[in-house]
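# Examining the three-dimensional arrangement
What follows is each chain in one-letter form.
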Amino acid sequence: MGREFQVTFDCHDPAALSLFWRDALGYVHPAPPGVELGEGDDPLVAWDQFLDRMDVPVEQRNRSSALQDPAGRGPRIFFQQVPEGKVAKNRMHLDVRAAPGLKGEERLSALEAECSRLLALGATRVQRFEPEPYLSDGFIVMRDPEGNEFCLD
């Protein structure tokens, strides 16, 4: 049996980075502990209300954030504030499956469309890699708003 896991990002601004990845992946912010969200309730408003009740000072509220897959298939993503900045290339990165099963120009068009959408959310384009027969169907390397590399695959 496999183990559950979460992916953790060290970052400067957990709230902002979680918003980027929420919109990039179609994930959602979970409700605070013991809080049931109704249809259309904003989990971020619920978190503010929860932290108010817990007397957490406003200046301490951006220390972490989390996301979850609404379908329950993907891993939980956690964002934790750290003082140091990113200084080197990631040793691990996410591959965002933007064109699963597609080949050729249809695949590259889907990757380019997703790249444009993510650029509008604050990502940066690094490089497009063309297909190499038997090795790769092509992909695009990008960076999130804090410089973490990821690939559109």
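As a reminder, the structure under discussion sits directly above these lines.
Let me begin by describing the structure that accompanies this report. Sequence order as written defines the numbering, with residues in each chain counted from 1. Local features are withheld for residues below a pLDDT of 70 in this predicted model, meaning they are given only at 70 or higher, and side-chain atom pairs are given and counted only at 80 or more; totals for whole chains, interfaces and linings count all residues. To obtain the side-chain values, all non-hydrogen atoms of the structure were used and water was disregarded.

To count toward a patch, a residue needs a relative accessible area above 30% and no salt bridge. Like charges then connect within 9 Å, nonpolar side chains (Val, Leu, Ile, Met, Phe, Trp, Tyr) within 5 Å. Only the protein chains shown count as cover for residues, with accessible areas throughout obtained via the Shrake-Rupley method and a probe of 1.4 Å. A carboxyl oxygen of Asp or Glu within 4 Å of a side-chain nitrogen of Lys or Arg is what we treat as a salt bridge. Neither His nor the chain ends is counted toward charge; the positive residues are Lys and Arg and the negative residues Asp and Glu. By convention, the charge on Lys lies at NZ, on Arg at CZ, on Asp at CG and on Glu at CD. On the surface, a cluster of negative charge is made up of E39, D41, D42 and D48. Along the chain, the position of D48 falls in helix 2 (residues 43–53). Working definition: with a 1.4 Å probe on protein chains only, accessible area under 20% of the residue-type maximum means buried, over 50% means exposed, and in between means partly exposed. Since its relative accessible area comes to 42%, D48 is described here as partly exposed. To qualify as a helix, a DSSP run of H or I must reach at least 4 residues; to qualify as a strand, a run of E must reach at least 2; elements of each kind are numbered from the N terminus.

The full count for this structure, using the stated rule, is 11 salt bridges. Its salt-bridge partner being D23, residue R22 comes within 2.9 Å of it at the nearest N-O pair. Residue class for R22 comes out partly exposed when judged on its relative accessible area of 25%. Given the relative accessible area of 32%, D23 is considered partly exposed. Here K103 makes a salt bridge to D137, at a shortest N to O gap of 2.9 Å. With K103 in the loop between strand 4 (94–96) and helix 3 (104–121) and D137 in the loop between strand 5 (124–129) and strand 6 (139–143), this pair connects stretches of sequence that are 34 residues apart. Judged by relative accessible area, K103 falls into the exposed class, the value being 55%. Here the residues in one salt-bridge network are E112, R125, R128 and E130, joined through shared partners.

Here we take up the nonpolar core. Side-chain atoms within 4.5 Å link the members of a nonpolar core, which is a set of buried Ala, Val, Leu, Ile, Met, Phe, Trp, Tyr and Cys residues. Formed by 23 residues in total, the largest nonpolar core has its most connected members in F9, W21, F79, L118, M142, F150 and L152. Where this core is concerned, the elements lending two or more residues are strand 1 (6–11), helix 1 (14–25), strand 3 (76–81), strand 4, helix 3, strand 6 and strand 7 (149–152). Any two residues having at least one pair of non-hydrogen atoms within 4.5 Å are treated as being in contact. Excluding residues within four positions of it along the chain, L152 makes contact with V96, A98, L111, E114, C115, L118, F139, I140 and M142.

Further remarks concern the pairing of strand 3. Walk down a regular strand and you will see the side chains alternate between the two sheet faces. Here, any two strands with at least 2 DSSP bridges between them count as paired. Note that strand 1 and strand 3 share 6 bridges and pair parallel. What sits directly across from C11, in strand 3, is Q81. Pairing between strand 2 (residues 64–67) and strand 3: 4 bridges, direction antiparallel. Among the inter-strand pairings, S65 is bridged to a residue of strand 3, identified as F79.

Time to look at helix 3. Expected helix span is taken as 1.5 Å per residue step, with the number of steps being one fewer than the number of residues. Along its 18 residues, helix 3 runs 26 Å from first to last C-alpha, staying within 8% of the 26 Å computed at 1.5 Å per residue. Taken residue by residue, helix 3 has R107, L108, L111, E114, C115 and L118 as its buried positions. The buried residues of helix 3 occupy an angular sector of 130° when the element is viewed end-on, so they sit on one face. Among the exposed residues of helix 3, those pointing more than 90 degrees away from its buried face are E105, E106 and A120. Check the buried side of helix 3 and you find it contacts helix 1, strand 5, strand 6 and strand 7. Phi for G122, located one or two positions after helix 3, is positive at around 120°. The reported arc concerns the directions from the helix axis to the C-beta atoms and nothing else.

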